[in-house]
Amino acid sequence: MIDSLPESRLWEEVPECGACGWARWRAAGEVCGKRYARCEACGVVRLYDRVAGDQLHRLYSGYYPGADPSPDELRRQLDNPTFAHRRRRLEAAVPVDRRRIFEIGCGDGNFLAYLRGHGWRVHGSEYDADTAALVRRRHGIELFVGDVADAVPPGAPFKVAAAYHVLEHVYRPAEWLAAVRRMLGPGGTLHLQVPNQGSLTRRLTGPAWASVMFPQHVYFYTPRTLDALLRRAGFAPLATTTWDPWHGPGTVTGSLVNQARRIAGRGLPWSDPLAGAGERVDAVAFAGTAAAARPPRLARRMLDAASVRLARVEALAGAGAVVDVIARVA
Ligand SMILES: [Zn+2]
């Protein structure tokens, strides 16, 4: 039980950078009394005081709520503009005869279902058996349950692997990428998307940046640091963008709402989820963050319109909300 474990068992600090192995770092801020570190060798920023590796179930059990969407709601979810955007990027890099993908950490399976509807053969994994059952029930897609860093999934090698908003959760990114490389065949393609630590919104809003997502997000990359990490792991990056039609505006909106809360003296949405006996941990997506302080409808519409423009401008400057990379096994 949470209240029977001392703080020292719930949290851990690891001096070595999981992206390059270097143990020297500089302070890079603090949230809820927990420190962030910038690696002196590779420049990657990480949550230095993090939830202990053997306590992660406290953060991730029930990450996806079980109530199934109605058919209308599911259609609306599959219309997410980020899906069409990802597919355009994938299909520009992958010829028709190689369209067989393994999505690591595929969550509710919606993107796999969307790709299948466009002729792709789809496979995927989830860490949590309940989430895998949900994907089987909603989409009829059988997932590999577990961590691809621990076991090669059946069906490997794959022509294409993808992980969207997964790598920022990964505690040992260099090892994880080595495992991903092993499950790809020669010339295999990898598509990654993570929050952009170098985004204009992050620089302007600091700890109010919606992608802070304390304490689930542990590693933060820029286009430059992710490029270097991929090359060290034996990948050749082919195409990078910082634009995403959904994460871009969503992250700007969430960050502005968080910043307004902070200025109004209502604090930030981040909290230490392991503090307090028996407190349930709720995973907060940035949409949820914004909803927690929902402004009136007209203000909300104006905010959304402004966020779309701001997100486009920062992405045009190469400093958008995400780092989205297509890479090939070198
Ligand atoms: Zn490093």
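For the structure itself, look to the data block above.
Topic: the overall build of the protein chain
Okay, step 1: Scanning the protein chain from N- to C-terminus turns up 12 helices and 13 strands.
Okay, step 2: Structurally, the protein chain occupies a C-alpha span of about 55 × 50 × 40 Å along its principal axes.
Okay, step 3: Taking all 330 residues of the protein chain together, 50% fall into the buried category.
Okay, step 4: In the form shown here, the protein chain has an accessible surface area of approximately 15200 Å², with 54% of it arising from carbon and sulfur atoms.

Let's talk about the packing of aromatic side chains
Okay, step 1: Scanning the entire structure with this criterion turns up 10 aromatic pairs.
Okay, step 2: Judged by centre distance (6.1 Å) and plane angle (55°), the rings of Y36 and F220 are tilted. Taken together, the residues span a long stretch of sequence, with Y36 in strand β3 (residues 34-39) and F220 in strand β11 (residues 219-220) at a distance of 184 residues.
Okay, step 3: Judged by centre distance (6.4 Å) and plane angle (20°), the ring pair of Y219 and Y221 falls under stacked.

Observations regarding the coordination of the zinc ion
Okay, step 1: C17 (SG), C20 (SG), C39 (SG) and C42 (SG) make up the full set of protein donors to the zinc ion, lying at 2.3 to 2.4 Å.
Okay, step 2: Viewed at the metal, the 4 donor atoms of the zinc ion are separated by angles of 100 to 114°, and the geometry they form is tetrahedral.
Okay, step 3: Site description for the zinc ion: donor spacing in sequence, C-x2-C-x18-C-x2-C. Here the residue C17 occupies a position in the loop between β1 (11-13) and β2 (25-31), and C42 occupies one in the loop between β3 and β4 (45-47), the gap between them amounting to 25 residues.

Considerations on the packing of helix α10 (residues 247-263) against helix α12 (residues 297-316)
Okay, step 1: In the contact formed by α10 and α12, the axes pass within 8 Å of each other and the chain directions differ by 120°. Regarding the angle of α10 to α12, the classification is oblique. Crossing handedness for the pair α10 and α12: right-handed. Where α10 approaches α12, its residues G248, P249, V252, T253, L256 and V257 are matched on the opposing element by R300, L303, D304, S307, V308, L310, A311 and E314.
Okay, step 2: The class makeup of the residues in the contact of α10 with α12 is 8 nonpolar, 3 polar and 3 charged.

Digging into unusual backbone geometry
For residues besides glycine, phi is generally negative; the peptide bonds are generally trans as well.
Okay, step 1: Residue A156 is joined to P157 through a cis peptide bond whose omega torsion reads 5°.
Okay, step 2: Tracing the sequence through the fold places P157 in the loop between β8 (144-145) and β9 (158-164).
Okay, step 3: The phi torsion at H165 lies on the positive side, around 55°, for a residue other than glycine.

Here's the deal with the sheet that holds β9
Okay, step 1: Pairing in this open sheet of 7 strands is mixed, and the strands run β8-β7-β6-β9-β10-β13-β12 from one edge to the other. Each edge of the open sheet is held by one strand with a lone partner, namely β8 and β12 (235-241).
Okay, step 2: In this sheet, strand β7 (residues 121-126) lies alongside strand β6 (residues 100-104) in parallel orientation, the contact comprising 5 bridges. Each residue of the ladder has a partner; that of I101, found in β7, is V122.

Details of the pairing of β9
Okay, step 1: The buried count for β9 comes to 6 of 7 residues, which makes it a mostly enclosed element.
Okay, step 2: As defined by bridge partners, β6 adjoins β9 across 3 bridges and the pair is classed as parallel. Each residue of the ladder has a partner; that of I101, found in β9, is V160.
Okay, step 3: Relative to strand β10 (residues 184-195), β9 is paired through 6 bridges, and the arrangement is parallel. Bridge pairing links F158 to L184 in β10.
Okay, step 4: The parallel pair β9 and β10, bridged by helix α7 (residues 173-183), forms a crossover whose chirality is right-handed.

Structural notes on the nonpolar core
Okay, step 1: The biggest cluster of nonpolar side chains holds 51 residues, and the ones touching the most others in it are W176, L177, L190, L192, L226, L230 and F235.
Okay, step 2: L230 has contacts with L177, L190, L192, F235, P237, V325 and A327, leaving out every residue within four places of it along the chain.
Okay, step 3: Residues V94, V160, A162 and I326 belong to the second largest nonpolar core, which totals 21 residues.

Here is what the cut-offs are and how they apply
- Residues numbered from 1 in each chain as written.
- Predicted model: local features only at pLDDT ≥ 70, side-chain atom pairs only at ≥ 80, totals over all residues.
- Heavy atoms only, no water.
- Helix = DSSP H or I, 4+ residues; strand = E, 2+ residues; numbered from the N terminus.
- Buried < 20%, exposed > 50% of the residue type's maximum accessible area, 1.4 Å probe, protein only.
- Areas by Shrake-Rupley, 256 points an atom, 1.4 Å probe, with all protein chains shown as cover.
- Phe/Tyr/Trp six-rings, centres within 6.5 Å; stacked < 30°, edge-to-face > 60°.
- Donors = N, O, S within 2.8 Å, 3.2 Å for Na, K, Ca; no water.
- Tetrahedral: all angles 85-135°; square planar, octahedral: opposite > 155°, others 65-115°.
- Axes fitted to C-alpha atoms, helices over the stretch in contact; angles between N-to-C directions.
- Parallel < 35°, antiparallel > 145°, perpendicular 65-115°, else oblique.
- Left-handed = near helix turned anticlockwise from the far one by under 90°.
- Contact = heavy atoms within 4.5 Å.
- Nonpolar A, V, L, I, M, F, W, Y, C, P; charged D, E, K, R; others polar.
- Pairing = 2+ DSSP bridges.
- Right-handed = clockwise from strand over helix to strand, strands pointing away.
- Core = buried A, V, L, I, M, F, W, Y, C linked by side-chain atoms within 4.5 Å.

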